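Fold and contact review
Listed below are the residues making up each chain.
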Amino acid sequence: MRLLLAATVLASLTSSCFISRESSNEPLVKARIDALVVGTSTASDVARELGAPTEVVQLGRRSAWRYDFTTSKRAGFTIIVLTFLNTDQRSDRCWLFFDEADVLRHVGTTLEAGRARYAMPWQEDE
Amino acid sequence: MSCSTTASAALAWALLSGCVAVAYRREIREVPPEPARVEAFEPGATHLGAVIDALGAPLYVWEGAAGGVVLAYGGLRTREWGVEVSIPLGDQGSASFAYDDAAARTRGHVLVFDPELRLALVRAGNLADLRQEFARRRPAALEEDVAEAAGRGGP
């Protein structure tokens with residue numbers, strides 16, 4: 001009994017739990033992306049509406065621009081040397097594809113950053 | 001002092017001094033599309049626009065090795081036990097290693113398009129490996145070339 005009590009006290013004194021949240025870049029505003037017109041908007045229009053992209057990829061004479069916002073939520077706890085840790089990282093991404101004349105041809109948008117959550121590693125994924 | 005006592009003391013010292021940590025981790029990175037949706041596209045017929053409309057924004061876009069475009073979709077779902085060991089090395093820092101590093105194991109699909117942006121092929125696997133296979137590698141500038149160019153462009 002005394003051993004069990006000592007173990008419980010030791011575990012409670014040496015355990016810790018934590019959560020953290022990291023994000024990078026600014027959240028994407030869907031209305032601003034929707035304001036762009038495929039076949040009409042140019043790279044200059046996009047830069048004016050959305051600002052500087054995170055990445056520009058040269059595709060021969062074409063190009064693609066990436067805008068993203070990433071959220072990473074981490075939760076866990078530690079008992080002496082044993083750690084349970086869950087990391088959930090999701091992002092809002094928008095890729096815009098331009099032709100040789102810098103006219104917007106395709107837009108791909110995925111908005112998932114809001115679905116990142118704090119959880120324990122044994123919980124089911126949503 | 002017996003051998004087992006010495007070993008036990010060394011193990012306890014290592015564990016309690018923060019040198020060794022045992023971790024159970026789950027890692028979720030991004031949301032991969034369902035494989036059936038990716039494999040439903042028809043090579044030779046599907047256009048890049050149709051893929052983007054169906055799957056949304058890819059994780060990566062690369063210039064294809066054959067002059068086309070490569071879209072990469074994927075994500076990471078891992079759940080595993082791991083052991084981390086950290087060894088102090090005086091004032092200069094510490095050396096550490098772990099065998100459960102999952103950061104570079106994102107898996108998914110790459111969709112390779114020809115220069116007319118028609119789907120040429122679909123492959124599944126580790127995205128880092130697939131990038132090596134299908135993305136064009138541009139030559140990197142040498143430091144001397146950059147320094148020379150900077151000197152020429154200066155006032």
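Here the structure is a predicted model, which is why all the values come from computation and not from measurement.

Quick look at the overall build of chain A
The helix and strand tally for chain A stands at 3 helices and 5 strands. Walking chain A from its N terminus toward its C terminus, one meets helices and strands in the order α-β-α-α-β-β-β-β. Over its C-alpha atoms chain A spans a radius of gyration of 23 Å, topping by over 25% the 14 Å that the globule rule assigns to 126 residues. By principal-axis analysis of the C-alpha atoms, chain A measures approximately 80 × 30 × 25 Å. By residue count, 42% of the 126 residues in chain A fall in the buried class. Residue pairs in contact within chain A that sit at least 24 positions apart in sequence constitute 60% of those at least 6 positions apart.

Some words on the pattern of salt bridges
Residue and element names in this part refer to chain A. In the structure shown here, the tally under the stated rule is 12 salt bridges over all chains. With a shortest N-O distance of 2.0 Å, D68 and R66 are connected by a salt bridge. Among the residues examined, R66 registers a relative accessible area of 16% and is labelled buried. Two residues, D99 and R105, come together in a salt bridge whose shortest N-O distance is 2.9 Å. Under the relative-accessibility criterion, D99 is labelled buried at 12%. The network of salt bridges with shared partners includes E55, R66 and D68.

Side note on the interface of chain B and chain A
Facing 35 residues of chain B, the contacting portion of chain A comprises 37 residues. Our enumeration of links across chain B and chain A arrives at 1 salt bridge. Linking R93 of chain A and E30 of chain B is a salt bridge whose minimum nitrogen-to-oxygen distance equals 3.2 Å. The tally of links from chain B across to chain A stands at 22 residue pairs in polar contact (both at pLDDT 80 or more). If you list the elements that add at least two residues to the side of chain B that touches chain A, you get α1 (3-16), β1 (20-29), α3 (48-55), β2 (60-63) and β3 (69-88) of chain B. When residues of the side of chain B that touches chain A are assigned to their parent elements, the largest contribution, 10 residues, is made by β1 of chain B.

Some points on helix α4 (residues 127-134) of chain B
An α-helical turn contains 3.6 residues, so a residue and the one three or four places further along point in the same direction. All names here are of chain B. The complete set of buried residues in α4 reads L127, L130 and F134. The buried residues of α4 occupy an angular sector of 60° when the element is viewed end-on, so they sit on one face. Measuring from the backbone nitrogen of A128 back to the side-chain oxygen at the start of α4 gives 2.8 Å, which picks out N126 as the cap.

Observations regarding the environment of V70 of chain B
All names here are of chain B. Its location among the elements puts V70 in strand β3. Linking V70 and L117, residues 47 residues apart in sequence, is a C-alpha distance of 9.6 Å. Aside from chain neighbours lying at most four places away, what touches V70 is Y60, V61, W62, G64, V110, L111, V112 and F134.

Remarks on the side chain of T83 of chain A
As for its placement among the helices and strands, T83 of chain A is situated in strand β4 (residues 82-98). Excluding residues that lie within four positions of it along the chain, T83 of chain A makes contacts with F77 and T78 of chain A together with V22, A23 and Y24 of chain B.

Quick look at the confidence of the model for chain B
Residue and element names in this part refer to chain B. The predicted model of chain B has a mean per-residue pLDDT of 80, with 70% of residues at 70 or higher. pLDDT under 50 marks residues 96-103. Its contacts with residues more than four places away, or in other chains, come to 20 contacts. Overall fold confidence (pTM) sits at 0.79, and the ipTM for the predicted complex is 0.86.

Cut-offs applied
- Residues numbered from 1 in each chain as written.
- Chains lettered and ligands numbered in written order.
- Predicted model: local features only at pLDDT ≥ 70, side-chain atom pairs only at ≥ 80, totals over all residues.
- Heavy atoms only, no water.
- Helix = DSSP H or I, 4+ residues; strand = E, 2+ residues; numbered from the N terminus.
- Rg over C-alpha atoms; globule rule 2.2 N^0.38 Å.
- Buried < 20%, exposed > 50% of the residue type's maximum accessible area, 1.4 Å probe, protein only.
- Contact = heavy atoms within 4.5 Å.
- Salt bridge = Lys/Arg side-chain N within 4 Å of Asp/Glu carboxyl O.
- Polar contact = N/O pair within 3.5 Å; in protein donor to acceptor, adjacent residues only side chain to side chain.
- Arc of directions from axis to C-beta.
- pLDDT = per-residue confidence, 0-100.

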